[in-house]
Amino acid sequence: MFLCPTRAAGALLLITGLALHGAAHAQTSAAEPASLTLGQAVERALAGNPALQGFAYTLQAQDARIAAAGQRPVTEASFELENFLGSGEFDDLDESEATFALSSVVELGDKRRLRTAAAEAGRDLLSVERQAAQLDLVADVARRFIHVAALQAQQELMASATALARATVTDVERRVRAARSPEAELLRAQAALATAELDERHAQQQLAVGRRQLAATWGARDDAFGVIRADLYRVPEYTDFAALAARLDANPDFLRFGSEARLRDAELRLARSLSRPDVAFSAGVRRFEGPDDQALVFGVSVPLFPGQRADPARAEATALRDRVNVDRQTAMLRAHSQLFELHQELQQAIAETRALQAEVMPRLEQALKQTKYAYERGRYSYMELVDARQAWRAARHALIDAAERGQTLQVEIERLTGEPLDVGARPSGGNENR
């Protein structure tokens, strides 16, 4: 299942904007064919997601409705036999009358064309709904992809913390053997190592779950792909809210209201045409067995007061058409409010990510390095080393969380506006392992 041509360009813009997150690392890891980028994940999902495949059958069904709407009224053949198997001279078929006739209806008010137009407008609405479903899928893949990238970063952090705890145990053992530290410090270091190993296993389990959830978007039951390649710490530039709000009209969610309005207009025109009565006619041949003669028969019928019977359908179509405008206004107000909230949260996430990258992490990494150096020379205590290590680990957690939140918020805004945000060219940070 691929994107419809009418909205493929906009959807691919969204995909391209999101795929920039993985461009930097994907280029440096070309020798690893098993790795997965966001663009590849989106392609797999669009091709293999089971939910999207249902739209193909829905559109086929609507095409059948269009074909049915364009059919002319059916022509009926009838046969009628009268005055037979009665009493007296009518006790057999000698005095019977047999009539064979063909009948049909002449539709007035251009009903067939209006009926076909309404069915075609219904197909246009389904096409827009399919485009919205495709963009929903793209956004869902992006969210899960970003989450897996964050889980990978968390797992790498836990592995670094375990390696650091293991190195600390080695250092403490050496100090205990040299009678420079009490054995209690070694016990605390060994307990910290066991805790770090548990945290690393938990991170591995969470990563496994996240990978399965990502693979499920393209209908796979296992995560048969390599590592995720994404620049998790690459954040967009600040974007003006008014510029984002101006993009809402291009979103398929709001294009749907235009398609629905055209459908309701077509249904209203069809309902109005019902006030023009259809004319039914029949023509045929009648056979008189008694005199052994034949004669032509012709009949015409026209319903009385068709306008009154069409009033309910016309009133229903009018009400449904008026409701489209109200629903669109309601959805637009809700979208503006949601967009403003997402915009504010994104600005906060960007600020947190940049502050942690540029100010917090460099200082804590330097502090950890100096504390470890001083501890090895006996100038700092073991608890001071633990505090420095925990502060560094907590800051790395915060950086990963802020980066994931920023990337996810960017996806939400891009899904809401239907266009990608500008991605900043700031160098990514926070990737160093200690």
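Residues numbered from 1 in each chain as written. Predicted model: local features only at pLDDT ≥ 70, side-chain atom pairs only at ≥ 80, totals over all residues. Heavy atoms only, no water.

1. Some thoughts on the overall build of the protein
Broken down by element type, the protein carries nine helices and four strands. Reading the protein from its N end, one meets helices and strands in the order α-α-α-β-β-α-α-α-α-β-β-α-α. With 434 residues in all, the protein has 41% of them scored as buried. Here the contacts in the protein between residues at least 6 apart in sequence split such that 81% fall between residues at least 24 apart. Carbon and sulfur atoms make up 54% of the accessible area of the protein, which totals about 22800 Å². (Helix = DSSP H or I, 4+ residues; strand = E, 2+ residues; numbered from the N terminus. Buried < 20%, exposed > 50% of the residue type's maximum accessible area, 1.4 Å probe, protein only. Contact = heavy atoms within 4.5 Å. Areas by Shrake-Rupley, 256 points an atom, 1.4 Å probe, with all protein chains shown as cover.)

2. So, the layout of surface pockets
In this model, the second largest pocket occupies a volume close to 170 Å³. Taken together, Ala161, Ala165, Ala192, Thr195, Ala196, Val386, Arg389, Gln390 and Arg393 form the lining of the second largest pocket. The biggest single contributor to the lining of the second largest pocket is helix α9 (residues 382–417), with four residues. When the residues that make up the lining of the second largest pocket are grouped by side-chain class, the tally is five nonpolar, two polar and two charged. (1 Å grid on protein atoms, 1.4 Å probe; cavity = no way out; pocket = protein on both sides within 12 Å on 5 of 7 lines; lining within 4 Å. Points joined across faces, edges and corners; volume = space filled by probe spheres on them. Nonpolar A, V, L, I, M, F, W, Y, C, P; charged D, E, K, R; others polar.)

3. Points about the sheet that holds strand β2 (residues 97–106)
The sheet built from four strands is open, its strands ordered β1-β2-β3-β4 with antiparallel pairing. Of all strands in the sheet, those with a lone pairing partner are β1 (76–82) and β4 (293–301), marking the two edges. Averaged over neighbouring strand pairs, the angle between their axes works out to 20° when direction is ignored. Pairing between strand β3 (residues 279–288) and β4: nine bridges, direction antiparallel. Opposite Phe281, over in β4, you have Val300 as the bridge partner. (Pairing = 2+ DSSP bridges. Axes fitted to C-alpha atoms, helices over the stretch in contact; angles between N-to-C directions.)

4. A short note on the pattern of salt bridges
In the structure shown here, the tally under the stated rule is 18 salt bridges. In this structure, the salt-bridge partner of Arg212 is Asp223, at a minimum N-O distance of 3.6 Å. Separated by 11 residues along the polypeptide, Arg212 in helix α5 (residues 183–216) and Asp223 in the loop between α5 and α6 (241–245) bring together distant segments of the chain. The shortest N-O distance in the salt bridge between Arg321 and Asp265 comes to 2.6 Å. Within this pair, whereas Arg321 is found in helix α8 (residues 306–376), its partner Asp265 is found in helix α7 (residues 252–273), the two being separated by 56 residues in sequence. Judged by relative accessible area, which is 26%, Asp265 ranks as partly exposed. (Salt bridge = Lys/Arg side-chain N within 4 Å of Asp/Glu carboxyl O.)

5. Examining the side chain of Lys111
Relative to the helices and strands, Lys111 resides in helix α4 (residues 111–177). Judged by its relative accessible area of 5%, Lys111 is buried. Within the structure, the side chain of Lys111 is placed 3.2 Å from the backbone oxygen of Ser273, a separation counted as a polar contact. (Polar contact = N/O pair within 3.5 Å; in protein donor to acceptor, adjacent residues only side chain to side chain.)

6. Structural notes on α9
Helix length check: α9 (36 residues) gives 52 Å between terminal C-alpha atoms against 52 Å at 1.5 Å per residue, within 8%. Residue Gly418 follows α9 closely and has a positive phi angle near 80°. (Expected span 1.5 Å × (residues − 1).)

7. Digging into unusual backbone geometry
A negative phi angle characterises most non-glycine residues, just as the trans form characterises most peptide bonds. Its identity is not glycine, yet Asp110 carries a phi of approximately 60°, on the positive side. Tracing the chain through its elements places Asp110 in the loop between β2 and α4. For Ala179, which is not glycine, the phi torsion reads 60° and is therefore positive.

8. Details of the packing of helix α3 (residues 50–69) against α4
It is at 8 Å that the axes of α3 and α4 come closest, and there the two elements cross at 175°. By the criterion of interaxial angle, the relationship of α3 to α4 is roughly antiparallel. (Parallel < 35°, antiparallel > 145°, perpendicular 65-115°, else oblique.)

9. Here we look at the confidence of the model for the protein
Per-chain confidence: the protein averages 82 in pLDDT, with 88% of residues scoring 70 or above. Confidence drops under a pLDDT of 50 for residues 423–434, and excluding neighbours within four residues, the segment shows 37 contacts in the predicted structure. (pLDDT = per-residue confidence, 0-100.)

10. Here we look at the environment of Arg393
Structurally, the position occupied by Arg393 is in helix α9. As for Arg393 and Met158, which are separated by 235 residues in sequence, their C-alpha atoms are 8.7 Å apart. In this view, Arg393 contacts Leu157, Met158, Ala161 and Asp199; residues no more than four positions away in its chain are not counted. Looking at Arg393, its side chain comes within polar contact range of the side chain of Asp199, at 2.6 Å.

11. What to know about the side chain of Ser273
Relative to the elements of secondary structure, Ser273 occurs in helix α7. When near neighbours in sequence (up to four residues on either side) are disregarded, Ser273 contacts Leu108, Gly109, Lys111 and Leu114.

12. Remarks on a nonpolar patch on the surface
On the surface, Phe79, Leu81, Phe84, Leu85, Leu93, Phe100 and Leu102 cluster together to form a nonpolar patch covering roughly 700 Å² of accessible area. Elements with a minimum of two residues in the nonpolar patch: β1 and β2. (Patch = residues over 30% accessible without salt bridge, like charges linked within 9 Å, V, L, I, M, F, W, Y side chains within 5 Å.)

13. With respect to the environment of Leu244
Mapped onto the elements, Leu244 comes out in helix α6. Separated by 169 residues in sequence, Leu244 and Ile413 have C-alpha atoms that sit 8.3 Å apart.

14. Digging into the environment of Asp253
By the element assignment, Asp253 lies in helix α7. The partly exposed category is assigned to Asp253, whose relative accessible area is 29%. Residues Asp253 and Ala335, spaced 82 residues apart in sequence, show a C-alpha to C-alpha distance of 10.0 Å. Sequence-distant contacts of Asp253, defined by excluding residues within four places in its chain, comprise Ala132 and Arg415.

15. Some points on the nonpolar core
Membership of the largest hydrophobic core comes to 56 residues, with the highest contact counts inside it found for Val141, Leu214, Trp218, Ile228 and Leu232. Contributions of two or more residues to this core are made by α2 (38–48), α3, α4, α5, α8 and α9. Residues in contact with Ile228, not counting those within four places in the same chain, are Leu36, Phe145, Val148, Ala149, Gln152 and Leu214. Residues Leu244, Ala261, Val324 and Met332 belong to the second largest nonpolar core, which totals 19 residues. (Core = buried A, V, L, I, M, F, W, Y, C linked by side-chain atoms within 4.5 Å.)

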